[in-house]
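Given next are the chains, with one letter for each unit.
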Amino acid sequence: MIKKFCQFITIATLALYATPSSAQIFKLKFNNTAGLAQPLADALAAQVQTIENDINKGLPSASTPDRLMKGMANSSVMAGKGIGSDYASNMSVLLIGAGIGVGADLEKNKATDSPISGAGIQAGLLIGTNLGWMDTQKILGLETNRLNVYINGMNYTYNMNQTDTNGSAKLASYGMHFSYDWVKPKGSKLLGWGGVKIHTGFEHNSTTLKVNSKIKKDLSYTDATTGTYTSSIIANPDASIDVATNSIPLELSSSVQILYVLSLYGGLGADYNMGSATGKGNLNSQDSNVVCNGTCGTNVSAGTISSSANVNSTGKVNPFLYRGFAGVQVNLPWTRIFVQADKAFGNQLVGATAGVRFAF
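The rules we used
- Residues numbered from 1 in each chain as written.
- Predicted model: local features only at pLDDT ≥ 70, side-chain atom pairs only at ≥ 80, totals over all residues.
- Heavy atoms only, no water.
- Salt bridge = Lys/Arg side-chain N within 4 Å of Asp/Glu carboxyl O.
- Helix = DSSP H or I, 4+ residues; strand = E, 2+ residues; numbered from the N terminus.
- Polar contact = N/O pair within 3.5 Å; in protein donor to acceptor, adjacent residues only side chain to side chain.
- Expected span 1.5 Å × (residues − 1).
- Buried < 20%, exposed > 50% of the residue type's maximum accessible area, 1.4 Å probe, protein only.
- Phe/Tyr/Trp six-rings, centres within 6.5 Å; stacked < 30°, edge-to-face > 60°.
- Core = buried A, V, L, I, M, F, W, Y, C linked by side-chain atoms within 4.5 Å.
- Contact = heavy atoms within 4.5 Å.

Asks: I tried to follow the pattern of salt bridges on my own but got confused; where do I start?
Replies: Side chains bearing opposite charge may pair, as long as their charged atoms lie close to each other. In the structure shown here, the tally under the stated rule is 13 salt bridges. In this structure, Glu-203 and Lys-81 form a salt bridge, with 2.9 Å as the shortest nitrogen-oxygen distance. Within this pair, whereas Glu-203 is found in strand β9 (residues 191-213), its partner Lys-81 is found in the loop between α3 (66-79) and β2 (94-105), the two being separated by 122 residues in sequence. When salt bridges that share partners are traced, they join Lys-81, Glu-203, Glu-251, Asp-271, Arg-323 and Asp-342 into one network.

Asks: I would appreciate a short explanation of the side chain of Arg-357 in the present structure.
Replies: Along the polypeptide, Arg-357 turns up in strand β19 (residues 349-359). A distance of 3.2 Å separates a polar atom in the side chain of Arg-357 from the backbone oxygen of Gly-82. A polar atom in the side chain of Arg-357 sits 2.8 Å from the backbone oxygen of Ser-85.

Asks: Got a minute to help me understand α3 in this structure?
Replies: Because the α-helix completes a turn every 3.6 residues, residues three or four places apart line up on one side. For α3, built from 14 residues, the straight-helix expectation of 20 Å at 1.5 Å per residue is met to within 8% by its first-to-last C-alpha distance of 20 Å. Of all the 14 residues making up α3, eleven are buried; the element is thus mostly covered by neighbouring parts of the structure. Regarding α3, the residues found buried are Leu-68, Met-69, Gly-71, Met-72, Ala-73, Asn-74, Ser-75, Ser-76, Val-77, Met-78 and Ala-79.

Asks: I would appreciate a short explanation of the packing of aromatic side chains in the present structure.
Replies: Here a ring pair, both rings aromatic, is described through the centre-centre distance and the interplanar angle of the planes. Taken as a whole, this structure holds three aromatic pairs when the rule is applied. Ring geometry for Tyr-87 versus Phe-325: centroids 4.9 Å apart, planes at 40°, classification tilted. Pair noted here: Tyr-87 is in the loop between α3 and β2 and Phe-325 is in strand β17 (residues 320-332), with a separation of 238 residues, a long-range link. Residue class for Tyr-87 comes out buried when judged on its relative accessible area of 4%.

Asks: Before we go on, may I ask you to explain unusual backbone geometry in this structure?
Replies: Excluding glycine, most residues fall at negative phi; most peptide bonds, likewise, are trans. The backbone of Asn-90 shows a phi angle near 55°, a positive value even though the residue is not glycine. We note that Leu-259 has phi near 50°; this positive angle belongs to a residue other than glycine. With respect to the secondary-structure elements, Leu-259 resides in the loop between β12 (238-258) and β13 (262-282). With relative accessibility at 61%, the residue Leu-259 sits in the exposed group.

Asks: Please clarify how the nonpolar core should be interpreted in this entry.
Replies: Note that soluble globular proteins tend to have their nonpolar side chains buried in a common cluster. Leu-28, Phe-30, Leu-36, Tyr-229 and Ile-305 are the most contacted members of the largest nonpolar core, which totals 20 residues. Secondary-structure elements contributing two or more residues to this core are β1 (27-31), α2 (38-56), β10 (215-223), β11 (227-235), β14 (288-294) and β15 (297-308). With six residues, the single largest contributor to this core is α2. Residue contacts for Ile-305: discarding those within four places in its chain leaves Leu-28, Lys-29, Phe-30, Asn-31, Val-48, Leu-219, Ser-231, Ile-233, Gln-286, Asp-287, Ser-288 and Val-290.

Functional significance is not addressed by these values, which are geometric in nature.
Quick look at the structure:
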């Protein structure tokens, strides 16, 4: 899952090279510094344009990557849902677990010619406890045997190496959550209702993505009168996306347990979010010399080819998100395996989480 996510980012990050004035990501220009006759200069410019089109073939065309950055920030928030809390494990004293979540903005992104406008992924280890073991029966008016506390966190680094492209992804998440049995559960483990729980807490997710690649293109054009004109265009573009988001959720959830082995749960949530995603890109190239060999002479300077692509962009997370979520959990002795889906209202943000819990 993480590998596929990084491959998507490798492609999407290329959109950072788009310039506001051009639909092409990489921009090349022939500079007639040698004062060539206009027909010859136009012919060389046409050759340079062909190379530019070839470099950009299959890459996204865009005027700005702002939409991608906004989608990345919102996807980061959605990826963290369900990792640091629990909805149906019914722990008595202690819970230990792990989970992985993904988020995506499913709105088609015209800027990157992608079916989605952003993606995020997070993972976390979780430990929780029911505060019924405390000496006091109440904290701030809340009964301790109905109050659960959870802490989660994880750091992960993934490196990707391909023929002409290298990339890395650094993921980090941590958080603290609380849940309270507003309405107590009823029934038995064979057929029971989980009551109504209130959840809140704090979630931090961060992702740092880096991509660098190599480009080398050769120009060769023969003029019947003057000779052959050649040049090599070399660039080492790099790009990065830094995402950091904080989210404070407020949720209501309920669940049912059927024949002990199966639990179904769902709920509604409202999130207050802070943070953004920032993208940076550089072409890292120098002007290439064009030389002529033939009746014009040997290695005679005939102009230069300049290249450009450099853009910085930032997209902020939606400050408020309203969503619904639902999950299925398989209950085994002391073990819980779950899958959860989240869908935000009013947009195309989605999330999915899977994990395992050990409840005692």
